[in-house]
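Below are the chains, spelled out letter by letter.
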Amino acid sequence: MQYSFSILKVLPKSPLTKIWEFCEVFLSIQTLTNNTERGENQVERAKVVKEEVQEKDMRFLAVYVEAKNSIMIMLSEKEDKLGTLAIAVPKPKDLLGSVTSSVLLGDKNVISARMFAELVASKKGKIAMVSIYLETVTELQAQSFFMHLIDKLITSESQKEHA
C-alpha cells in the first residue's frame, strides 16, 4: 500500500505541524506492518533489559540496551540516571591486543566506567558504552554490585541467544 503526501508549508510551532508529524509516524508504522505481513524481512530491533539489586537500604539499577554492533549499559544508584560515560572498542579478531577505551563524559567514577566498558566489549566482542552514576556510595563499594548486575545481564542475554 503506497501513501502520497502533499507537503504542507506551515509555521514550525503550529498545531498542524504536530498533526503532520503524527501522521508521518503512523503511516511509517503502517508501512512497516504491511511489509511484514507480506513476508518481507523486519529489521531486528535493539534488546532492552532492566535489572536491579537491593542490599539493605541501597538500590543499584542497570539498564542494558544491545544492538547488532554495540551495547549500552547504564549503572546507577537509587534511580536511572546518566553518569560518567566510557566507551570501549574491541580489537578485530585477527589482531592481537587489548580493548581500547576512553571516557566520553564526566570525571567521577572514571576507573569503574572504563573497567566495565572494557569488560563488556571483550566479553561480547562489540562496542560497549557504560555509564556509572553514584550519589552516596563510593566507586569501590559499588563495584561488586555493578559486577553482579553486569554478569546477570550478560548471562541472561547469552542464554536467550542460544535458546
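Computed from a predicted structure; not experimentally measured.

Chemist: Tell me about the sheet that holds strand β6 (residues 127-133), and please be specific about residues and values.
Modeler: Two orientations exist for strands paired in a sheet by backbone hydrogen bonds: parallel and antiparallel. Strand order in the open sheet made by the six strands is β1-β2-β3-β6-β4-β5, with mixed pairing throughout. Every interior strand has two partners, whereas the edge strands, β1 (47-55) and β5 (100-105), have only one. This sheet shows a mean twist of 15 degrees between the axes of neighbouring strands, independent of strand direction. For strand β2 (residues 58-66) and strand β3 (residues 70-77), the ladder comprises seven bridges, and the chain directions are antiparallel. Looking at the pairing, Glu66 lines up with Ile71 of β3.

Chemist: Requested: an account of the nonpolar core, with residues and values cited.
Modeler: Formed by 28 residues in total, the largest nonpolar core has its most connected members in Phe60, Ile73, Leu75, Ile132 and Phe146. Looking at this core, the elements that each hand over two or more residues are β1, β2, β3, β4 (84-89), α2 (110-124), β6 and α3 (139-162). Of all the elements, α3 adds the most residues to this core, at seven residues. Leave out the neighbours within four places in its chain, and Leu75 touches Leu61, Ala62, Phe116, Val130, Ser131, Ile132, Tyr133, Phe146 and Ile150.

What counts and what doesn't
- Residues numbered from 1 in each chain as written.
- Predicted model: local features only at pLDDT ≥ 70, side-chain atom pairs only at ≥ 80, totals over all residues.
- Heavy atoms only, no water.
- Pairing = 2+ DSSP bridges.
- Helix = DSSP H or I, 4+ residues; strand = E, 2+ residues; numbered from the N terminus.
- Axes fitted to C-alpha atoms, helices over the stretch in contact; angles between N-to-C directions.
- Core = buried A, V, L, I, M, F, W, Y, C linked by side-chain atoms within 4.5 Å.
- Buried < 20%, exposed > 50% of the residue type's maximum accessible area, 1.4 Å probe, protein only.
- Contact = heavy atoms within 4.5 Å.

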